[in-house]
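Summary of structural features
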Amino acid sequence: MKHPPYHLRPNKAVDRYLFIELIRLIGARYPLKDYTYYSMGGPFLEDLRLIRSAFPEISLVSIERDRDTWNRQKFHMFARDIELVQKDFTNWVEEDYDPAGPDIHWLDYVGLEPQCFSDFQEVVRKVEEKSLIKVTFNGRCPKHVDLEDEEIIDNFKDIFGQFVPADLEADKLKQKESFAGVLEEMLVLAADEVREESNGFGSFHPIHSIRYEDGAPMVCICGIVVTDDEFELIQDCFEDWEFFSAENVAPHKIDVPELSLKERQRREPLLPLEDPS
C-alpha cells in the first residue's frame, strides 16, 4: 500500500509538534502516565516516535489495516513495548477497544468519507473522560459533489447524512477556509449525537484546529471529552496558547516553506517549545 511521504511534509511536521505542545498543556492538569496513545501510525511510526521522545510515560498503540504496511512498522519499531495491531480501524474500535483510563486518539485519514465520522462517534462513545481525540480529514469537498449544482446541499447530505448541519450554506462548501469550519461543525454534531445516547457523560469540546496543504488541503480538529463544568476549568491551561481554538473559531492556517534536510535537522531540536505559552 502506498502512503504519502508524511516524514517529508513540512506542514505535517508542524502539525505533529503542535500536537505535542497540546499534550504537554493537558499534562499540566492530568497525569500523562494514565494515558495510552492510539494512532494510525503509517509505515514509519513518526508520530509515535515523537510521543515517546516527549512523553515516555505514555503507552503506544498503532492500528494498521494493510499487512504490508504493518510489516514495515515492525521493521521501523523503535521500542519493544509498542503494540502494533494489524486490523481495520473500524473493526478494531467496535470489537477490541476497551479503555482502562483516559486515552489519546489520532484518527489520521487521507480522505473524507462518512465512515470517518462513524469511527469518531464510536471512539467518543467508548472513551473515558479526559480523553483527547484528534481527527485529520482531507479538506476539499468530495469531487462527486458538483459545486455549481443548485442542489449542492442535497448532494452533500446524500453522502454525509445526519452529520450535515441543518443550516449549512452552499457557499461554505466552495471555499477551503469555510469548508474547514463545516468539517468541525460536522464533527461536533456527530459527537453530540453520541452524547444524547449516553445520558450525561462528558462532551467533546474542540480545543485546537488547523488547516494546511502539503500537496492536498488537510484539516485537523482536536478536542477533549470532559463535562461542561470541567471544560470551563481546564481552559486556563490554554489561555496563553496562540493555537487554542474553541468551537466556532476558524482553524489556524499552517504554511511553512519547503525545507531542506539540513534546515529540518536544525529546526527539529528546537521543537516543541519547552514553554508553549
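Note: the structure precedes this text.
Figured I'd write up the structure that's included with this text.

Rules and cut-offs
- Residues numbered from 1 in each chain as written.
- Predicted model: local features only at pLDDT ≥ 70, side-chain atom pairs only at ≥ 80, totals over all residues.
- Heavy atoms only, no water.
- Helix = DSSP H or I, 4+ residues; strand = E, 2+ residues; numbered from the N terminus.
- Rg over C-alpha atoms; globule rule 2.2 N^0.38 Å.
- Buried < 20%, exposed > 50% of the residue type's maximum accessible area, 1.4 Å probe, protein only.
- Pairing = 2+ DSSP bridges.
- Right-handed = clockwise from strand over helix to strand, strands pointing away.
- Core = buried A, V, L, I, M, F, W, Y, C linked by side-chain atoms within 4.5 Å.
- Contact = heavy atoms within 4.5 Å.
- Expected span 1.5 Å × (residues − 1).
- Axes fitted to C-alpha atoms, helices over the stretch in contact; angles between N-to-C directions.
- Arc of directions from axis to C-beta.

**Side note on the overall build of the protein**
Scanning the protein from N- to C-terminus turns up 9 helices and 8 strands. Its C-alpha atoms give the protein a radius of gyration of 18 Å, near enough to 19 Å, the size a compact globule of 277 residues would have. Along the first, second and third principal axes, the C-alpha set of the protein runs to 55 × 45 × 40 Å. Among the 277 residues that make up the protein, the fraction classed as buried is 51%.

**Let's talk about the pairing of strand β1 (residues 36–39)**
In β1, alternate side chains face the same way, and those of Thr36 and Tyr38 on one face and Tyr37 and Ser39 on the other are all buried. Sheet topology note: the β1/strand β2 (residues 59–64) ladder contains 4 bridges and is parallel. Paired with tyrosine 38 across the strands is valine 61, a residue of β2. Since β1 and β2 lie parallel, the crossover through helix α2 (residues 46–54) that links them has a hand, and here it is right-handed. As defined by bridge partners, β1 adjoins strand β4 (residues 103–108) across 4 bridges and the pair is classed as parallel. Paired with tyrosine 38 across the strands is histidine 105, a residue of β4.

**Side note on the nonpolar core**
Ranked by internal contacts, the top residues of the largest apolar core, which has 44 residues, are Phe120, Ile133 and Phe156. A per-element tally of this core places helix α7 (residues 176–198) first, with 9 residues. Among residues more than four places away in sequence, those in contact with phenylalanine 156 are Cys141, Pro142, Val145, Gly161, Val164, Leu168, Leu173, Phe179 and Met186. Core analysis: the second largest hydrophobic core is formed by 40 residues, Tyr37, Cys222, Phe231 and Ile254 among them.

**Section: helix α5 (residues 114–126)**
The terminal C-alpha atoms of α5 lie 19 Å apart, and with 13 residues this matches the ideal 18 Å at 1.5 Å per residue to within 8%. Residues of α5 that are buried: Cys116, Phe117, Asp119, Phe120, Gln121, Glu122, Val123 and Val124.

**Quick notes on the sheet that holds strand β5 (residues 131–138)**
Spatially, β3-β2-β1-β4-β5-β7-β6-β8 is the arrangement adopted by the 8 strands of the open sheet, whose pairing is mixed. Either end of the sheet is taken by a strand with one partner, and the two such strands are β3 (83–86) and β8 (252–254). Mean inter-strand twist for the sheet, computed between neighbouring axes without regard to direction, equals 20°. Strand direction decides the pairing type here: strand β6 (residues 203–213) and strand β7 (residues 217–226), joined by 10 bridges, are antiparallel.

**Here we look at the environment of alanine 166**
With respect to the secondary-structure elements, alanine 166 resides in the loop between α6 (152–160) and α7. A relative accessible area of 76% means that alanine 166 is categorised as exposed. C-alpha of alanine 166 to C-alpha of histidine 208: the two residues are 42 residues apart in sequence and 24 Å apart in space.

**With respect to unusual backbone geometry**
Residue leucine 45 is not a glycine yet carries a positive backbone phi of 55°. The phi dihedral of lysine 130 falls on the positive side, at around 80°, and the residue is not glycine. A residue is classified by how much of its surface remains accessible, and lysine 130, at 37% relative accessible area, is partly exposed.

**Re helix α3 (residues 67–76)**
The complete set of buried residues in α3 reads Thr69, Trp70 and Gln73. Looking straight down α3, one finds its buried side chains confined to an arc of 100°; they lie on one side. Every exposed residue of α3 that faces more than 90 degrees away from the buried side is listed here: Asp68 and Phe75. Summarising the contacts, the buried residues of α3 are in contact with β2 and β3.

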